[in-house]
Amino acid sequence: MGSAGVPVVVGLDNGGSSNNATVLTVDGRFLVDELVEIPSEVHAGPEAAIEALARALDGVLAHTGVPRELVRAVGLDTPGPASAVGVISSRGSTNFSEPAWRGFDVRGALERRLDLPVTYHNDGNAAALYAHHVHFGADAMVRSSVSAIVGTGLGGGVVENGRVVSGAAGMAGELGHVHIPLTGLLAPDQPVPACACGFGGDVESVASLTAIERNLLPYWLGRYPDHPLAAEPPARAARLVRGYGERGDELARAIFTQQAAAIGRLFTIAANFTDPHAYFVGGGVVEAAPEFRDWFLATVREHTTLREEQAEVATFALVPDRDMAGARGVAIAALEALRGGTTPRPVMT
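Residues numbered from 1 in each chain as written. Predicted model: local features only at pLDDT ≥ 70, side-chain atom pairs only at ≥ 80, totals over all residues. Heavy atoms only, no water.

## Observations concerning the environment of Gly-329
Here is step 1 of the chain: With respect to the helices, strands and loops of the structure, Gly-329 is situated in helix H9 (residues 322-338).
Here is step 2 of the chain: In this structure the C-alpha to C-alpha distance between Gly-329 and Ser-17, which are 312 residues apart in sequence, comes to 19 Å.
Here is step 3 of the chain: Discounting residues that sit within four places of it in the chain, Gly-329 has contacts with Ala-126, Leu-129 and Tyr-130. (Helix = DSSP H or I, 4+ residues; strand = E, 2+ residues; numbered from the N terminus. Contact = heavy atoms within 4.5 Å.)

See below:
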């Protein structure tokens, strides 16, 4: 499967339970078209996790038949919060909860372990970068986009001229914590939703799995007390909502209408702040039956207010290949860094 002596970069996507890896040739061809995963070992602490990332690199090279000496650089993404250069927040994070992770330089540690240059992005930024390059192809370096990726929280990123906007402290593109107007989004008697970050009324407090469990489902079950989800534990009930939504259930569609409206209001702010060429939506909420997925994206578009000139040029699309988007995004970033900012269009082989 290897590519006859062509140098490569490796993308490593680190998660709470697994590492996923991919290989991208320097002429822009992905050599992996499926998940190549191993346990991430992050709960065993930094030393074990770095070794697991090294094993992930060796595993994907074996899978593709690429010799180690052809690897020129590595891209790494992890969940945040972390700095622009890959230092985990001094407060830790959900996935890096052990004290040893606080303030840990995960990028630098992996670079020393592999003896290769390592480029870092958080997982939301990496997926946003991949969506941008796949959507725009050869025009990626002259286009801009905003991505909202719905998961346990609300991640995503801002891409300008083909590159992630990181910010001074690496915290740019934390779209989940942008405050949105709630008038007309919430029902008249619905409490202001609270985010785990301490904010009230940010995007993540409405558009995330955590928001369903803590904020939206308790309210809507009060309106539908005989709903089957009322008998389920809250965490399980939250995960079952999408299935009901796919079947057109009224309670579930009310919840997802609020989520789509929240993302639309976020995109309206983006339209007035960055005026991007494209708006991407990703995450489990759109990895669903086609009718539900299309309905959700259309509802996001309905709640995004654009000027006429913006509407003529803007596109709305889904983040592709969610499970592989992180690894592929950081592989693209590593290739861009290796080539000094000129990244060829990635293609599948």
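## Thoughts on the pattern of salt bridges
Here is step 1 of the chain: Across all of its chains, the model carries 9 salt bridges by this definition.
Here is step 2 of the chain: For Arg-107, the salt bridge goes to Glu-111, with nearest N and O atoms at 3.0 Å. Pair noted here: Arg-107 and Glu-111 are both in helix H2 (residues 106-114), with a separation of 4 residues, about one helical turn.
Here is step 3 of the chain: Here Glu-111 falls in the partly exposed class, since its relative accessible area comes to 27%.
Here is step 4 of the chain: The salt bridge involving Asp-321 is made with Arg-328; its shortest N-O contact spans 3.2 Å.
Here is step 5 of the chain: Classification of Asp-321 by relative accessible area gives partly exposed; the value is 37%. (Salt bridge = Lys/Arg side-chain N within 4 Å of Asp/Glu carboxyl O. Buried < 20%, exposed > 50% of the residue type's maximum accessible area, 1.4 Å probe, protein only.)

## A short note on the pairing of strand S2 (residues 18-25)
Here is step 1 of the chain: Burial analysis of S2 places 8 of its 8 residues in the buried class, which makes it a mostly covered element.
Here is step 2 of the chain: Every second residue of S2 is oriented toward a common face, with Ser-18, Asn-20, Thr-22 and Leu-24 on one face and Asn-19, Ala-21, Val-23 and Thr-25 on the other, all of them buried.
Here is step 3 of the chain: Sheet topology note: the strand S1 (residues 8-14)/S2 ladder contains 7 bridges and is antiparallel. Bridge pairing links Gly-11 to Thr-22 in S2.
Here is step 4 of the chain: Connecting S1 to the next strand, S2, in antiparallel fashion are 3 residues.
Here is step 5 of the chain: Across 3 bridges, S2 lies against strand S4 (residues 37-39) in antiparallel orientation. (Pairing = 2+ DSSP bridges.)

## Thoughts on the sheet that holds strand S7 (residues 144-150)
Here is step 1 of the chain: Strand order in the open sheet made by the 5 strands is S9-S8-S7-S10-S11, with mixed pairing throughout. In this open sheet, the two edge strands, each paired with only one partner strand, are strand S9 (163-164) and strand S11 (315-318).
Here is step 2 of the chain: Relative to S9, strand S8 (residues 154-160) is paired through 2 bridges, and the arrangement is antiparallel. Opposite Glu-160, over in S9, you have Arg-163 as the bridge partner.

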